[in-house]
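# Inside the fold
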Amino acid sequence: MRTIAVAAVTTLVLVLGACGEGGDRDAGASADPAPSPSTPASGTAEPADDTVVVEVTLADDGPTPRGDRVEVEIGQPVRLVVSNRSSEADEVHVHSDPEHSLDVAAGASGELEFTVDRPGQVAVESHHADAVIVQLVVS
C-alpha cells in the first residue's frame, strides 16, 4: 500500500511540474522576450522616434540644465541621460504619479525612462543639489 502511495505522489509531482513549465508561455510570456523599440537589449540604444531625451550633467556647482521647461505629450516616453561629474552620489527624482528616481554614484552615469499619463507640470530635481533640473510641461 505504501509503494502505491509513493508512486501516486511521484506521478502527481511529475504531472504538475510539466504543467507548470508551459503555463507561463501559454499566457503570452516567453523565455527570451524581444525588447521594445525604446528599451535597449543591452547598453544604450537609440530612443524611439517620439522619445524626449534630456541630457543631464550633475556637478559640484549644481545640475545642467537648471530649471528648463520641456514640452511633453501625455504618454510620450521621456529618457533622462544622467552623467554625475560631482564628487558625491546624487538622486534624480521625478515628481510624477507614480514617482520615479535614479541613484547615480559620483563619477557614474545612468538612464531613466518613463512616461507621464496626466497633464500638468512635473518637476525633475537633483536631491543632493536641491535644485530643479527640468520642469516637464505635460499636455
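Source: prediction; values computed, not measured. (Residues numbered from 1 in each chain as written. Predicted model: local features only at pLDDT ≥ 70, side-chain atom pairs only at ≥ 80, totals over all residues. Heavy atoms only, no water.)

## A closer look at the nonpolar core
- Leu80, Val82, Phe114, Val124 and Leu136 are the most contacted members of the largest nonpolar core, which has 22 residues in total.
- Secondary-structure elements contributing two or more residues to this core are strand E1 (52-59), strand E3 (68-72), strand E4 (78-84), strand E5 (90-94), strand E6 (100-104), strand E7 (109-114), strand E8 (120-126) and strand E9 (131-138).
- If we skip the residues at most four places from it in the chain, Leu80 touches Val54, Val92, Val94, Gly110, Glu111, Leu112, Phe114 and Val124. (Core = buried A, V, L, I, M, F, W, Y, C linked by side-chain atoms within 4.5 Å. Buried < 20%, exposed > 50% of the residue type's maximum accessible area, 1.4 Å probe, protein only. Helix = DSSP H or I, 4+ residues; strand = E, 2+ residues; numbered from the N terminus. Contact = heavy atoms within 4.5 Å.)

## Side note on the sheet that holds strand E2 (residues 62-64)
- Strand order across the open sheet formed by four strands is E2-E1-E4-E7, with mixed pairing between neighbours. Strands at the two margins of the open sheet, each flanked by one partner only, are E2 and E7. Taking each pair of neighbouring strands and ignoring which way they run, the sheet shows an average axis angle of 20 degrees. (Pairing = 2+ DSSP bridges. Axes fitted to C-alpha atoms, helices over the stretch in contact; angles between N-to-C directions.)

## What about the confidence of the model for the chain?
- Considering every residue of the chain, the mean pLDDT works out to 76; 65% of them sit at 70 or more.
- A low-confidence stretch, residues 1-44 stays under pLDDT 50, and its non-local contacts, those more than four residues away or across chains, total eleven contacts. (pLDDT = per-residue confidence, 0-100.)

## Examining the pairing of E8
- Burial of E8 is extensive: five of the seven residues sit out of reach of the surface.
- Judged from the seven bridges that link them, E8 and E9 form a sheet pairing that is antiparallel. Across the sheet, residue Ser126 finds its bridge partner in E9, namely Ala131.
- Connecting E8 to the antiparallel partner E9 that follows it, the hairpin turn spans four residues, and Asp130 within it adopts a positive phi of roughly 50 degrees.

## Observations regarding the sheet that holds E3
- Within the open sheet, the five strands sit side by side as E3-E9-E8-E5-E6. Their pairing is mixed. What marks the edges here is a single partner per strand, and that holds for E3 and E6. Neighbouring strand axes in the sheet, compared pairwise and without regard to direction, differ in orientation by 15 degrees on average.
- Of the strand pairs in this sheet, E5 and E8 are connected by three bridges, and their pairing is antiparallel. The partner of Val92 across the bridge, within E8, is Ser126.

## Quick notes on the pattern of salt bridges
- A full pass over the atoms with the stated rule returns three salt bridges.
- Here Arg79 and Glu113 are joined by a salt bridge, their closest N and O atoms 2.8 Å apart. With Arg79 in strand E4 and Glu113 in strand E7, this residue pair connects regions lying 34 residues apart in the sequence.
- In this structure Arg79 comes out as buried when scored by relative accessible area, which is 3%.
- When its relative accessible area of 30% is taken as the criterion, Glu113 is described as partly exposed.
- Residue Arg118 pairs with Asp97 through a salt bridge whose shortest N-O separation is 2.8 Å. Of this pair, Arg118 sits in the loop between E7 and E8 while Asp97 sits in the loop between E5 and E6, placing them 21 residues apart in sequence. (Salt bridge = Lys/Arg side-chain N within 4 Å of Asp/Glu carboxyl O.)

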